[in-house]
Structure formats: structure tokens, C-alpha cells
Amino acid sequence: MGAGGVMGARGRGPGGPVVEVGSRVRFEGRTWTVAALHGGQVRLIAENGEMAALLLSLLFADEGFGVAAAPAARRVPPLGLLKSLPAPVRERALAWERHVREVETGRPGGSAAAGPPRDAYDPDARTLAQREEAKAAELSAAGMPTSAVTVRRMRARYRSDGVWGLVDQRAARPRSALGRADERVVAALLEVLEAGQERSSGTLGRLRVYTERLLAEQHGDGSVPLPSPATFNRLVHALADGRGLLGSARQRRWRSARPAPPFVPTTVMAPGELVMMDSTLLDAFVVLDDGVVERPELTIALDVATRSICAAVLRPKGTRSVDAAQLLAQMMVPAPMRPAWPQALAMERSVIPYERLLSVDARLEGAAARPVITPQTVVVDQGSVFVSSSFVAACGSLGISLQPAPPGNGPAKGHVERTFSSINTLFAQHVAGYTGSHTGERGRDTEGEAVWTLAQLDDLLQEWIICGWQAREHDGLRHPMMPRRALSPNEMWAALVAVCGYVPVPLGREDYIELMPVKRQKINDYGIRTYDHKTLNPYRGEASLAADGLWEIHYNPHAPDEVWVRLPKPGRPRGYGWEAVPWIHRTLVSAPFTDFTWQHVRSTVTQRGSRVQHEHDLALALRELLERAAAGHGSRRDKVVAARARAHGAANEGGAVWGILYGQQPQTAADGPDEDDGFDHGEEAFAEDAETEAGEADAAGEYQPPGPAGAEGLAGVGAGDNEGQAGPARDSSVTVYDPFEESLRW
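K.L.:
Got a minute to help me understand the overall build of the protein in this structure?
P.N.:
Counting its regular elements, the protein contains 23 helices and 20 strands. Considering only residue pairs separated by 6 or more positions, the protein has 64% of its internal contacts joining residues 24 or more positions apart. Roughly 39200 Å² of accessible area belongs to the protein as shown, and the carbon and sulfur atoms make up 52% of that amount.

Set out below in C-alpha cells:
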């Protein structure tokens, strides 16, 4: 086949030097030049003219074989960078490629191009030097002065780097967004930007002043001049825009708390493997007792594997650790169908394998279509509710691993944060009294639009979770066998439970009490502070078997009319049992109240005389507060506190967690149990809003709302029936939903 039969061969494995015609190799201790390659043979010529023909395998197997001089290994040109170049530079390089090909092959498209070559570039009639001279003359005549040496240099670049070698490298040089700014100015400005992430937002002028001060401290006054204001502002944006250092204060704090990338997505394959909990204010107003309007606080638990909202608790402001523990109980028990819910929300009507699960867990009979998930790991933030000793103890007793997220790090629990946003857009914005995500989106009379009470809104939310969230396709849920189809949380749970299995975890009365906050107190002759009952008689003045000699007491902050004391019970399996101890002043106060109501009363009553008299005065003040707020008197703060207490009382009446487990509140062995928080939660003054203090003096008198003209007829009906009776006054700016009145309007 001749010398052109085989263009080259690679020696000593992949990536080794290339042996081709013209290469100088070492063989048998001498240097040879490769004269020809044919098939598996090679012809060599020594320096003295001696010739040798041998197999390539014998040449490569020689111990002294090596390539003394060979063409550089060819590299793939960075063709992708051509698109990043300016259009004129790219077009010039492609034009030179056509010229070089025509010089070497006679055709602009290469040797494979169709058509005869031009006479000036015919390889059979012209030498390579003549073709180079002809190309230089042609380009010069076209207005681009070129010499034959330039054409020869472009040919060498094309053989080495391809079309990228023909690019004007001045246009391909990397350019810095900072231009030619002084490195000292850049370093000082970046230090000022980094230090200001936790500060309030300021102007670019403040950055210039701080940078100038820092340069004076580091290099001396006037040693490093600052660029002009316009150049300095461009430099600030070049440094800060990509790093998020010029956003709002909230955005800067978020980025500063974010961990360093790269970010690895959280992958979980089993329900309950990772559950995230968090609380936020719902973007909707609710009407509390006596017409007080405020935004409730929503606490949810989200299962990452199925994106299921396993549990949700809607409370007035002031989420307590017992609410977080309540989520744990809600997750592990089936959600019962409520009377007003349609049968389409039942589990037996859903995609969940109801019949198979019912044979394992009889509690699922008549349950709603919400998964029952036992958490293994719970991710929470650094809020006092989730890091409290009672919640940590509750997780430990249920075998749940608690994983606190870094402070202020939203991305660490991004799934639940995104779920809150979805709740606002898919549910809250359709609720009467929607507030918007911030005050700039809030309407003029949003409080007046609120019509739902806390219990009604909670019922709507629980119904929406089943029909509007659990049955809705979630883009983040993909089955491995169907990656192009998004699944709903219920469908994902049905798919995973078939693989991971389902083990029911029943909770009893003692489990519910264990989830409550705990305090340790003595049992004195008069009982436990303001809690007493005859069941404590054998233990008055006695020390417990614990190391500190104190007794373990559990309480519910939302219903502090009774507490539970762990007392020895030899007949029980664990040797102890729970006894309910009522509040001694329960007969004085019939209205519901909560822990923060009691704290508000404590802050307004001066302690005097004995402790017993002081507690009695507190009880009387509490009754007066609730009665005054119910009658429309008192400060706005008093009304808010009383309304929250009534809302919490309504939420606890009927069960909350206990109603989910058994349909009723736990029965106590005490006669006439009473409740109050008599523990040392701190007797500091209740923090009042400064904006409400100014109007409290005017609010002391009885307020008579004018009432809209359209409502006078309806108001007159009630006024005639209740004439002579002192009924509770209600703020006319609040619209309370009434089915009868609504039917009359329609």
C-alpha cells in the first residue's frame, strides 16, 4: 500500500506517543527515522543510511524503544468557545479556515469537496510555496494585507489547534468584571459588604464612606484613593450582585446563614424517615371570642418522603410545647371523619390500600384519607417550643430522633417552608379575611372581612388538607418506575407503604399525659401550690424516690384547670400511675382560660399578705377580667387575652389530641377538678404592645358602635327580645358569620 497506507501507530498503550512517518525512534540502542508504515510493518532508516524492515510489535517490544522526536499529541479544539466570541471574530476565523484548506487541498471545503480546484491552488500544478504566495496576493487585493509568512503561520496554527488556532487570541482573553480596579479597594469593599450582612440596609454612599475608613486604617490616610462615585458604584454591583450582598436585610441574613455549596438534595425512601416541623402565622384573620380579630398560628408536620401534611394544629398566638407534642400524637393516629365531611374524603374511597391496612390496624375503620405515619427523625428550628425539655422528652419517649436545624437557616427545612407558601396560595387566599403575605398586599378593611372563628377555620383547614393537598399531584413526587408522572401524597404513601410496610403505634391515656410539659414540685400540707385533692393525703410532706426528692407533675398550658401527678401504684405494671389534681379556685372562674391569661393576671395584681391570699386575689382578678371582657369593658389587651383563652378553651373542649384518640377528654378521678397554672413560669409582667397602651384609657368606658344602616333591622330584632338585659357588646367592625343572617341577606 506504500507509505500512506497507515498514517501512524500508537506505542506503549493508550495515551502513548504516536509513531508516524517522519518520527525519530530509538531501537536497539540507535536512533532511526520512520520512512514508511504499511499494515503491521515499519521501515526504518538509520543515520548512516542503513535500512531495516520489521513488525511494529517487535519495535514496540524492544526494551530501549522510545520516540525521540514526534509531533505533539493532537487536542480537540474548544469549539464550544467559538459561540462566546464576538460575531466578527468568529466569522474571521471561519474565513481563514476556508483559505487554509484551499491552500493545502486546492478546495475551500477540503479534499472531500466536489468540483475541480482553481488553477492557482491546484496541488498537481502548483507547489505549496506558490499556493501560499497566491493566497497572500489574493487577500491583499481583497483589502486585507497579508504575506506568505502569515499564510504559513495560519496553516501551522490550524494543524495544531484547528479552527480555534485561527481565532484572534486578543478577543479570547478572559476579562474580569472588576476591570482594572485596585486589588486593595476590592478587598476592602468586599470586607465591608460581608460585615454588613446583619445590619440594616443602607445606601451606596454609606458603603463608600465605610470603605474609605477601612482603607485608611489598613494602609494609611490617603494612601489608597477611591475611584469616582460612578466607577465605585459599578464595582459594588459587580462584587455584590452575584453574592446577594445588596438585597434586603432579610435576604442578606438568609444568605449568610446558608451553608456553603454544593447542596445535596435530601433523599428519603420511607414514610416517616424524615419529618419537618415548623410554625408560622397564617395569612388570614379569625374572629376570637368577643369579636377580637387576629391571625392564628399554624404548626404543621410534613413527611418529606410523601410530602404529606401528617398533622396540623391551628391555635391563637402563643404556640406551646404541648402543641408540638400534639402533632406527634396526631401523626400516629388515624384522622377521624367529621360529620359534615363528604364520603369522598374517607380513606376507603381513596387510592390508599384501605382493606389491607384495615386488617392490620382496626383504628382505620371510618378514618379520613390522611396517612398514618410514625416519624423516625424530626427536623425542627431553634424555636423555644421545639427545643423545650418537654418536647425533647416526648420525642425520646416515642423513639424519635430530634434534629435541630442551624439558627436562621431556612433551607435546612426548605420543604416545610415551601409548604407554608403553598398553604397560603392554595388555601388561605381563598378564606374570608385573607391578609396577604405582607402589609403591602393587604386590603383596606381586611379585619372587617373576617367571618370564621378559630374552630371553623380549623375545620376548613383539616378538610382542605385531605381533599386539596393529599389528593393533589406534587411535582416533587415521582415514582421510580414512572418518572414522568407526578404523584399525589396519598399515591406516594400507598406506593411506599407497600414496600416499607405499616406498623401501627397505638397511644393510650398515659401516653397523652407523657406528651405534656413537666415540672417538679413538692407536695406540701396545702397541696401543690394552688392544686389540691384528697388523693395527695398519703404523700403530703413526703419526698419522692427521685434523687431531688421532688414529684413529677405534668400540665396542659391550654387547659391548666388540673394537673397530673405521677404517684406510686404498686399494682401497676411500672409501679406508678397518674392522678389528676384540680385547681382549688375552679369554682370562682367558670369561663375558660389558659396559661398566658393567668400570667397576664399575675402581672396586674400586686402580691400582698400570704401566698394563699395572693392566689385567691389572682383568681378573683381572673374572674373579673373575663367578665369585664365579655361585657365589652376593659382595655383592648384585656379583650385579646380573654378571647385567646376562650378560643383555647373551645379547642380543648371536645378533645384536641384526646378527642382524636378516644373522642373525649381524659376522665379524672378527682371530684370537681379545677385547673390553673400554679407553676413557676415567671411572674414577670406580660409584654403588652406599645401601640395598644395609648388607647387603653379611652377604651375603659362602654363602647357603643354606630352600626351600619343595612344592619339596623337585624340588630333591632335582637334588641327587642333582650331589652333590659346587659348583653355582651361586639365591635361592629367585625363581621361574625351567622347562618340565619346570611340566609336573610340572600
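K.L.:
Help me understand the packing of helix 2 (residues 87–105) against helix 4 (residues 148–161), please; the structure alone is not making it clear to me.
P.N.:
Interaxial distance between helix 2 and helix 4 falls to 10 Å at its minimum, and their mutual angle equals 100°. Comparing the axis directions of helix 2 and helix 4 gives the class roughly perpendicular. In this structure, helix 2 contributes Trp96, Glu97, Val100, Arg101, Val103 and Glu104 to the contact, and helix 4 contributes Thr150, Val151, Met154, Arg155, Tyr158 and Arg159. Its residues placed into classes, the contact of helix 2 with helix 4 shows six nonpolar, one polar and five charged.

K.L.:
Would you take a moment to explain the side chain of Asp361 for this structure?
P.N.:
With respect to the helices, strands and loops of the structure, Asp361 is situated in the loop between helix 10 (354–358) and strand 13 (377–380). Aside from chain neighbours lying at most four places away, what touches Asp361 is Tyr502 and Pro504.

K.L.:
How should I be thinking about the packing of aromatic side chains in this particular structure?
P.N.:
When we look at a pair of aromatic rings, we describe it by the centre distance and by the angle of the planes. Following the criterion strictly, the structure yields seven aromatic pairs and no others. With a centroid separation of 6.2 Å and an interplanar angle of 45°, the aromatic rings of Trp464 and Trp469 are classed as tilted. Take Trp469: its relative accessible area is 5%, and that puts it in the buried class. An angle of 65° between the planes, with centres 5.4 Å apart, marks the rings of Tyr539 and Trp551 as edge-to-face. Of the two residues, Tyr539 is situated in the loop between strand 17 (518–521) and strand 18 (551–555) and Trp551 in strand 18; the sequence distance between them amounts to twelve residues. Of the two residues, Tyr539 and Trp551, both sit in the buried class. Through successive ring pairs, a cluster of aromatic residues spans Phe427, Trp464 and Trp469. Over the ring of Tyr576 we find Arg566; its NZ or CZ atom is 4.3 Å from the centre of that ring.

K.L.:
I tried to follow the sheet that holds strand 11 (residues 297–303) on my own but got confused; where do I start?
P.N.:
The strands making up a sheet associate through hydrogen bonds between their backbones, and the pairing can be parallel or antiparallel. Spatially, 12-11-8-13-14 is the arrangement adopted by the five strands of the open sheet, whose pairing is mixed. On the outer flanks of this sheet lie strand 12 (308–315) and strand 14 (401–404), each paired with one strand and no other. Neighbour-to-neighbour, the strand axes of the sheet open up by a mean angle of 20°, direction not taken into account. Bridge count between strand 11 and strand 12: seven bridges; the pairing is antiparallel. Within strand 12, the position partnered with Asp303 by the bridge is Ser308. Against the sheet, helix 14 (residues 454–469) contacts strand 11 and strand 12, and its axis sits at roughly 170° relative to strand 12.

K.L.:
What's the story with the packing of helix 5 (residues 183–195) against helix 6 (residues 204–219) in this structure? I'm lost.
P.N.:
The description of two helices packed together rests on the angle between their axes and the distance between the axes. Closest axis-to-axis distance for the helix 5/helix 6 pair is 9 Å, and the angle between their directions is 120°. By the angle between their directions, the pair helix 5 and helix 6 is classed as oblique. Considering only the axes of helix 5 and helix 6, their crossing is right-handed. Packed against helix 5, whose contacting residues are Arg184, Val185, Ala188, Leu189, Glu191, Val192 and Leu193, the element helix 6 presents Leu207, Tyr210, Thr211, Leu214, Leu215, Gln218 and His219 at the interface. In terms of residue class, the contact of helix 5 with helix 6 is built from nine nonpolar, three polar and two charged.

K.L.:
Please clarify how helix 15 (residues 489–500) should be interpreted in this entry.
P.N.:
Working note: α-helix, 3.6 residues per turn, so residues spaced by three or four point in the same direction. Compared with the 16 Å implied by 1.5 Å per residue over twelve residues, the 16 Å span of helix 15 between its first and last C-alpha is a close match. Just downstream of helix 15, Gly501 is the residue with a positive phi angle, here 85°.

K.L.:
Please explain the environment of Ala369 as it appears in this structure.
P.N.:
Residue position: Ala369 is located in the loop between helix 10 and strand 13. For Ala369 and Asn490, which are 121 residues apart along the polypeptide, the C-alpha to C-alpha distance reads 7.8 Å. Here Ala369 is in contact with Leu345, Ala346, Met347, Ser350, Ile352, Ile466, Gln470 and Asn490, once residues within four sequence places are set aside.

K.L.:
Looking at this structure, how should I read the sheet that holds strand 17?
P.N.:
One open sheet holds the four strands; their spatial order is 17-18-19-20, and the pairing between them is antiparallel. Each edge of the sheet is formed by a strand with only one pairing partner; in this case those strands are strand 17 and strand 20 (576–582). When strand polarity is set aside, the average angle formed by the axes of neighbouring strands in this sheet is 35°. Alignment of strand 18 against strand 19 (residues 562–568), held across three bridges, turns out to be antiparallel. For Tyr555, the partnering residue across the bridge sits in strand 19 and is Val563.

K.L.:
Is there a simple way to explain the pattern of salt bridges in this structure?
P.N.:
Any two side chains of opposite charge can pair, given that their charged atoms come close. Scanning all chains against the criterion turns up 24 salt bridges. The shortest N-O distance in the salt bridge between Glu102 and Lys135 comes to 2.8 Å. You can see Glu102 sitting in helix 2 and its partner Lys135 sitting in helix 3 (residues 128–141), a full 33 residues away along the chain. Look at Glu102 and you get buried, because its relative accessible area is 5%. Put simply, Lys413 and Glu417 hold a salt bridge, and the shortest N to O gap is 2.5 Å. Several salt bridges share partner residues, and in doing so they unite Glu104, Glu132, Arg152, Arg155 and Arg159 into one network.

K.L.:
Sorry if this is basic, but what is going on with the environment of Ser401 here?
P.N.:
Assignment of secondary structure puts Ser401 in strand 14. Put simply, Ser401 and Val379 are 22 residues apart on the chain and 8.7 Å apart in space, counted from C-alpha to C-alpha. Discounting chain neighbours no more than four positions away, the residues touching Ser401 are Gln376, Thr377 and Val378.

K.L.:
Honestly, unusual backbone geometry in this entry has me stumped. Any pointers?
P.N.:
Trans is the common state for peptide bonds, and a negative phi is the common state for residues other than glycine. A positive phi angle, near 55°, is found at Glu28, a position not held by glycine. Looking at the element boundaries, Glu28 is found in the loop between strand 3 (24–27) and strand 4 (30–38). Residue classification places Glu28 among the exposed residues on the basis of a relative accessible area of 55%. For Arg307, which is not glycine, the phi torsion reads 55° and is therefore positive. Structurally, Arg307 can be placed in the loop between strand 11 and strand 12. Classification of Arg307 by relative accessible area gives buried; the value is 14%.

K.L.:
Can you walk me through the confidence of the model for the protein in this structure?
P.N.:
Within the protein, residue pLDDT values average 76, and 73% of them lie at 70 or more. Long-range and interchain partners of residues 1–7, a stretch whose pLDDT sits below 50, account for 14 contacts in this model, where long-range means more than four residues apart. Per-residue pLDDT stays below 50 along residues 742–746; that stretch engages in two contacts with residues further than four places along the chain or on separate chains.

Basis of the calculations
- Residues numbered from 1 in each chain as written.
- Predicted model: local features only at pLDDT ≥ 70, side-chain atom pairs only at ≥ 80, totals over all residues.
- Heavy atoms only, no water.
- Helix = DSSP H or I, 4+ residues; strand = E, 2+ residues; numbered from the N terminus.
- Contact = heavy atoms within 4.5 Å.
- Areas by Shrake-Rupley, 256 points an atom, 1.4 Å probe, with all protein chains shown as cover.
- Axes fitted to C-alpha atoms, helices over the stretch in contact; angles between N-to-C directions.
- Parallel < 35°, antiparallel > 145°, perpendicular 65-115°, else oblique.
- Nonpolar A, V, L, I, M, F, W, Y, C, P; charged D, E, K, R; others polar.
- Phe/Tyr/Trp six-rings, centres within 6.5 Å; stacked < 30°, edge-to-face > 60°.
- Buried < 20%, exposed > 50% of the residue type's maximum accessible area, 1.4 Å probe, protein only.
- Lys NZ or Arg CZ within 6 Å of the ring centre and 35° of its normal.
- Pairing = 2+ DSSP bridges.
- Left-handed = near helix turned anticlockwise from the far one by under 90°.
- Expected span 1.5 Å × (residues − 1).
- Salt bridge = Lys/Arg side-chain N within 4 Å of Asp/Glu carboxyl O.
- pLDDT = per-residue confidence, 0-100.

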